[in-house]
Amino acid sequence: MTTTCPTCNGELLTSNGQTFCPACLLEQGMKNSTYGGGPRIAWKPPEMEQLAAAFPHLEILQLLGQGGMGAVYKVRQKELDRIAALKVLPGEMAADAGFTERFLREARLLASLSHPHIVTVYEFGQGEGIYFLLMEFIDGVTLRQALRAEPIKKLG
């Protein structure tokens, strides 16, 4: 079996029987959108009170950022007393069956990975009609800020 990616010649990794290229996975995630729907409308992220009702096991601490692909909140998992990041997706995306299928497939793949350069996904799915990823919280600069400071170098 080859250990280099045929697309970028980077190192291929295998986790839970799935082989992937971290560099290509990151590049795919960096694209403006994998959403296949029509034109975007302005999206307002859910209020903290709405999220608190949808996710009673979480304490919603603050909105960290938002963009065309969703909003990220800093949360605390009450039972574990652990800080985490909650990414919620716009409702218009959830209405697109193709998008939700891709989202769930990619979330399962991400949740199966264990790598020092990939955040750990704790949970994913839908709560009160809101598609979400609950993941490891990394305190620091955003990916956009890091890319502005220094471009990412491909492995290999």
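Let us look at the structure shown here. Computed from a predicted model, the values in this text were never measured in an experiment.

1. A few points about the sheet that holds strand E3 (residues 58–67)
Spatially, the 5 strands line up as an open sheet ordered E3-E4-E5-E7-E6, and their pairing is antiparallel. Edge positions in the sheet fall to E3 and strand E6 (121–127), since each of these pairs with one other strand and no more. For this sheet, the mean inter-axis angle between neighbouring strands, taken without regard to orientation, is 25°. Both strand E5 (residues 82–88) and strand E7 (residues 130–136) contribute to a ladder of 5 bridges, which runs antiparallel. Looking at the pairing, Ala84 lines up with Glu136 of E7.

2. Regarding the pairing of E5
Bridge count between strand E4 (residues 70–77) and E5: 7 bridges; the pairing is antiparallel. By the bridge assignment for E5, Gln77 is matched with Arg82.

3. As for the packing of aromatic side chains
The tally for this structure, following the rule as stated, stands at 3 aromatic pairs. Arranged with centres 6.5 Å apart and planes meeting at 15°, the rings of Phe99 and Phe103 form a pair that is stacked. Note that Phe99 and Phe103 are positioned in helix H4 (residues 97–112) at a spacing of 4 residues, about one turn of the helix. Of the two residues, Phe99 and Phe103, both sit in the buried class. Look at Phe103 and Tyr131: their rings are 5.8 Å apart centre to centre, the planes differ by 90°, and that puts the pair in the edge-to-face class. Within this pair, whereas Phe103 is found in helix H4, its partner Tyr131 is found in strand E7, the two being separated by 28 residues in sequence. Judged by relative accessible area, Tyr131 falls into the buried class, the value being 13%. An aromatic cluster is built from Phe99, Phe103 and Tyr131, whose rings are joined through pairwise contacts.

4. Here we look at the pattern of salt bridges
What the rule picks out here adds up to 4 salt bridges. Arg76 is the partner of Glu59 in a salt bridge, and the nearest nitrogen-oxygen pair spans 2.8 Å. Taken together, the residues Glu59 in strand E3 and Arg76 in strand E4 connect sequence positions 17 residues apart. Here Arg76 falls in the partly exposed class, since its relative accessible area comes to 22%. In this structure, Arg76 engages Asp81 in a salt bridge whose closest nitrogen and oxygen atoms are separated by 3.2 Å.

Cut-offs applied
- Residues numbered from 1 in each chain as written.
- Predicted model: local features only at pLDDT ≥ 70, side-chain atom pairs only at ≥ 80, totals over all residues.
- Heavy atoms only, no water.
- Pairing = 2+ DSSP bridges.
- Helix = DSSP H or I, 4+ residues; strand = E, 2+ residues; numbered from the N terminus.
- Axes fitted to C-alpha atoms, helices over the stretch in contact; angles between N-to-C directions.
- Phe/Tyr/Trp six-rings, centres within 6.5 Å; stacked < 30°, edge-to-face > 60°.
- Buried < 20%, exposed > 50% of the residue type's maximum accessible area, 1.4 Å probe, protein only.
- Salt bridge = Lys/Arg side-chain N within 4 Å of Asp/Glu carboxyl O.

As far as function goes, none of this settles anything; it's purely spatial.
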